[in-house]
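# Coordinates in review
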Amino acid sequence: MQRKAAGAAGTRGRSPVTPGRRVLAKYGETLLAALAKLGVHSDFDLVLHLPLRYDDETRLYPIAAAPSGSSVLVEGTLVDSSVKYRPKRQLVCTIEDESGVLVMRLLNFYPSQAKQLVPGARVRLYGEIRQGFFGAEMVHPKCRLVSEHAPVPDTLTPIYPTTAGLSQTALSRMVHDAIAACDLRDTLPPDLLRRLKLPDFRLCIDYLHHPPRGAPQAGLQERSHPTWRRMKFDELLAQQLSMRIHRERRQTLAAPALAPRDALTHALVSQLPFQLTGAQDRAAAEIRADLAKPHPMQRLLQGDVGSGKTIVAALGALQALENGYQVAVMAPTEILGEQHFNKFSGWLTGLGVKVVWLAGNMKRKDRRVTLAEVASGAAQVVIGTHALFQDEVEFHNLGLAIVDEQHRFGVRQRLALRLKGSDAGAGVQPHQLMMSATPIPRTLAMSYYADLDVSVIDELPPGRTPVATRLVSDTRRDEVIQRVRDACVAGSQAYWVCPLIEEAEAEQGAADGVPAKPAASAAKRMRGRLEALQLQSVLDTYERLRATFPELSVGLVHGRLTGAEKFAVMEAFKSGAVQLLVATTVIEVGVDVPNASLMVIENAERMGLAQLHQLRGRVGRGAAKSACILLYQSPLSPFARDRLKIVFETNDGFEIARHDLRMRGPGELLGARQSGVPMLRFADVSVDLDLVEAARDVAGQILSLHPEVARRHLERWLGGKEHYLRV
Ligand code: ADP
Ligand code: MG
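Residues numbered from 1 in each chain as written. Chains lettered and ligands numbered in written order. Predicted model: local features only at pLDDT ≥ 70, side-chain atom pairs only at ≥ 80, totals over all residues. Heavy atoms only, no water.

It is worth spelling out the sheet that holds strand β15 (residues 398–403) at this point. Judged by pairing direction, the sheet is parallel, and its seven strands sit side by side in the order β13-β14-β12-β15-β16-β11-β17 without closing on themselves. Looking at strand neighbours, the two that pair on one side only are β13 (355–358) and β17 (453–457), the edges of this open sheet. When the angles between neighbouring strand axes are averaged without regard to direction, this sheet yields 20°. Across five bridges, the pairing between strand β11 (residues 298–303) and β17 is parallel. Bridge pairing links leucine 300 to valine 454 in β17. (Pairing = 2+ DSSP bridges. Helix = DSSP H or I, 4+ residues; strand = E, 2+ residues; numbered from the N terminus. Axes fitted to C-alpha atoms, helices over the stretch in contact; angles between N-to-C directions.)

Okay, here's the thing in structure tokens:
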């Protein structure tokens, strides 16, 4: 389970002399920089800088009776001390109390310490007692000189997450000052807290920073203690409130009202070789109603791979076209973009609609022509990659932006595309339809997507036979090869997938225009090398398979090919000229070749579950019985086997996503690049379902009944800033 560093939510752009920085204002630049690294930008951030764990110095043990296996507090008189040089320079002291003696070793010590630690000194040590060669020992404990009968603290000692240049002592003092300086009165009404069985805010802050003697350390560590639940609830409530406000604000923005005219949409539906499923109909109707409103739609269309999202998007596109508006379709990779281009052209060209393709690596002249067509409005549907929102692209009147595999794009890119459309009309924004085949489990959708409307296609088109998945050790590679040969000889086609980092990631950095930091460039070089290695492995696999199957036509596709090269290979595969396609994960999303019925995935143990499920979705698209073979490098660890078993046992994308969420945290599903996604620092949506639900319900009630409570709560948690908000 991942734990975000406290303060990961980040708070930008605060000026140094805001009222919320009375404590911070006392410190110099160096300390402030260290605090900023911890995500602390205001006094209240210090209040919320919660301990990682606690030392229990509330109980003094006699040396002879102190339990072993955990840290304990003992006290005694120093009877002997000397600096030894074997095996390493160290200060060795003998300490004695009424019950026994103990040797303390300090490996790093200051001369001043050595001067104080002389026979007769009374010391208190906190550390773990081990039985060494010379009896009981403490290596490098916390060590303090004390006067006789000095009282022991009655609260646990907090240990805070910290960073170089900031000591525990200094940090503790800052937190203490901030708690004294901040207004910690409860933002929520007492009857609500009683109903939810949540403790008072101030009480929680005091408890979490200084739990009383005997406090249940396990519950605090696991963040299941009622005080932790209060922190989580407050954080989730702030998230829910801000998202709801954002959603309501959307209702005040203007978008072209695209009334359904049904001329083109009916024409398309009547010429389809299939009937829409009930789920497709439902989703299409929801989009249709949204588009007719004079406010920007922001709808997420979710559906498992192969559920038929594209046709639903195309129907939405037609509604915009019928009203004289342009449509942009953005895909994360060129392969997927070109496939959309083919599909949309196939469906729409016959209806008299001009569909154009706009990619980054087009020939200069073609690009210029296309850009002119987009600007004049002659091009009605513009399909491409992130090239769509570059500066030189100017739309005539963009009415709808469709973003496929939306989690592959950064928030900034989606915003850029939307702003493109608003250049044209004064204050008018295009509608936005996002599609995702990575099913988002309910809790995630409820928290991170609370500001979006969601349509789900929860039904596959009829006639699909489920893909049979097999887990096979690569020691049985020969059998797999035979299987591929049989399938291809019988007229079917196959994929052979090798893991490679997703090309979208490499493209992304450049597209985001992130300035290369020194650390980032090292990481980039590292990734470059890794990529080169992986590329080599797919090239090797390709050569090996070509030698293995002299009778088959084998193709190769990976992220380093040019757009034209990729296009040529994919066309050859689609037409059947290529029988076996060796590929990296560039084919993960969207690729649609119904005659392919077999997929082999190498090193499946290295891939994410949702990714494997996506890959597997490339087969089983035709009527033929399909199979997916997960080849793993043996031996497989029990953990890896359990993970793979999930993909092997279920075909349900939602089920798989839930497991991914549990095992790898939300970042994996939402896409690590979702820089605008408010990462929660306290709540964990994979375990705190009940709190997410409670926060959602309460947010609705508060906003309608007690708007002042909402304002106070948001002020506290967001400091008046809206960094939690998505764009
Ligand atoms: P995805 O949701 O993964 O993007 P696609 O839109 O690519 O899925 O659709 C997968 C395939 O199913 C395509 O070949 C598409 O033409 C076909 N398809 C879509 N809807 C239906 C339907 N209702 N009946 C039969 N086939 C359909
Ligand atoms: Mg798709």
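Turning our eyes to something else, we now look at the pairing of strand β22 (residues 596–601). With six of six residues buried, β22 is to be regarded as a mostly interior element. One ladder, built from five bridges, connects strand β19 (residues 493–497) with β22; its direction is parallel. When the sheet's bridge partners are listed, glutamine 493 is paired in β22 with alanine 596. Of the strand pairs in this sheet, β22 and strand β23 (residues 627–632) are connected by four bridges, and their pairing is parallel. Within β23, the position partnered with methionine 599 by the bridge is cysteine 628. The handedness of the β22 to β23 crossover, carried by helix α20 (residues 609–616), is right-handed. (Buried < 20%, exposed > 50% of the residue type's maximum accessible area, 1.4 Å probe, protein only. Right-handed = clockwise from strand over helix to strand, strands pointing away.)

It is worth spelling out the packing of helix α24 (residues 689–705) against helix α25 (residues 707–718) at this point. It is the contact of α24 with α25, at a shortest axis distance of 5 Å, that shows an interaxial angle of 120°. What the angle tells us is that α24 and α25 run oblique. Between α24, through Ile702, Leu703, Ser704 and Leu705, and α25, the contact on the second element is made entirely by Pro707, Val709 and Ala710. When its residues are assigned to classes, the contact of α24 with α25 shows six nonpolar, one polar and no charged. (Parallel < 35°, antiparallel > 145°, perpendicular 65-115°, else oblique. Contact = heavy atoms within 4.5 Å. Nonpolar A, V, L, I, M, F, W, Y, C, P; charged D, E, K, R; others polar.)

A word on the nonpolar core. Leu46, Met231, Leu348 and Val381 are the most contacted members of the largest nonpolar core, which has 119 residues in total. Residue contributions to this core peak at nine residues, all from helix α11 (residues 309–322). Each of domain 1 (2–52 + 168–211) and domain 3 (263–457) contributes no fewer than three residues to this core. Setting aside chain neighbours within four positions, we find valine 381 in contact with Leu321, Val327, Val329, Phe344, Leu348, Val353, Lys354, Val355 and Val356. (Core = buried A, V, L, I, M, F, W, Y, C linked by side-chain atoms within 4.5 Å. Domains from an automatic or database assignment.)

So, about a positive patch on the surface. A surface patch of like charges, here positive, comprises Lys363, Arg364, Lys365 and Arg368. With respect to the element layout, arginine 364 can be found in helix α13 (residues 364–376). (Patch = residues over 30% accessible without salt bridge, like charges linked within 9 Å, V, L, I, M, F, W, Y side chains within 5 Å. Areas by Shrake-Rupley, 256 points an atom, 1.4 Å probe, with all protein chains shown as cover. Salt bridge = Lys/Arg side-chain N within 4 Å of Asp/Glu carboxyl O. Lys, Arg positive; Asp, Glu negative; His and termini not counted. Charge placed at Lys NZ, Arg CZ, Asp CG, Glu CD.)

The next thing to look at is the packing of aromatic side chains. For the structure shown, the criterion picks out six aromatic pairs. When the ring of tryptophan 228 is compared with that of phenylalanine 682, the centres are 5.7 Å apart and the planes differ by 70°; the resulting orientation is edge-to-face. Highlighted residues: tryptophan 228 in helix α8 (residues 226–250) and phenylalanine 682 in the loop between α23 (666–670) and α24, separated in sequence by 454 residues. Looking at tryptophan 228, the relative accessible area reads 3%, which means it is buried. With a relative accessible area of 2%, phenylalanine 682 lands in the buried category. (Phe/Tyr/Trp six-rings, centres within 6.5 Å; stacked < 30°, edge-to-face > 60°.)

The next subject is the site of ligand 1. Of all residues adjacent to ligand 1, which total 17 residues, the nearest are Gln275, Gly306, Thr310, Arg464 and Asp592. Within the backbone of glycine 306, an N or O atom sits 2.6 Å from an oxygen atom of ligand 1. For ligand 1, whose unbound accessible area comes to 560 Å², protein coverage reaches 86%. (Near = heavy atom within 4 Å. Polar contact = N/O pair within 3.5 Å; in protein donor to acceptor, adjacent residues only side chain to side chain.)

Before going further, it helps to spend a moment on the pattern of salt bridges. Overall, the coordinates contain 29 salt bridges when judged by the stated rule. Notably, a salt bridge pairs aspartate 56 with arginine 59, separated by 4.0 Å at the nearest N-O pair. On the basis of relative accessibility, which here comes to 21%, the residue aspartate 56 falls in the partly exposed class. Taking the relative accessible area as the measure of exposure, arginine 59 reaches 41% and is therefore partly exposed.

With that out of the way, let us pick up the side chain of threonine 310. The residue threonine 310 is located in helix α11 in this model. On the basis of relative accessibility, which here comes to 14%, the residue threonine 310 falls in the buried class. Filtering out sequence-adjacent residues up to four positions away, threonine 310 remains in contact with His340, Lys343, Phe344 and Trp347.

Attention now moves to the sheet that holds β19. An order of β18-β23-β22-β19-β21-β20 is seen for the six strands of this open sheet, with the pairing classed as parallel. Two strands close off the open sheet at either side, each with one partner strand: β18 (468–473) and β20 (554–557). Neighbouring strand axes in the sheet, compared pairwise and without regard to direction, differ in orientation by 20° on average. Bridge count for β20 against strand β21 (residues 580–583) is four bridges, and the pairing is parallel. Along β21, the bridge assignment pairs glycine 555 with leucine 581. Across the sheet, helix α16 (residues 477–489) lies against β18, β19, β21, β22 and β23, angled at about 145° from β19, the strand it touches most. Of the strands in this sheet, β18, β19, β22 and β23 touch α20, which is tilted by about 150° from β22.

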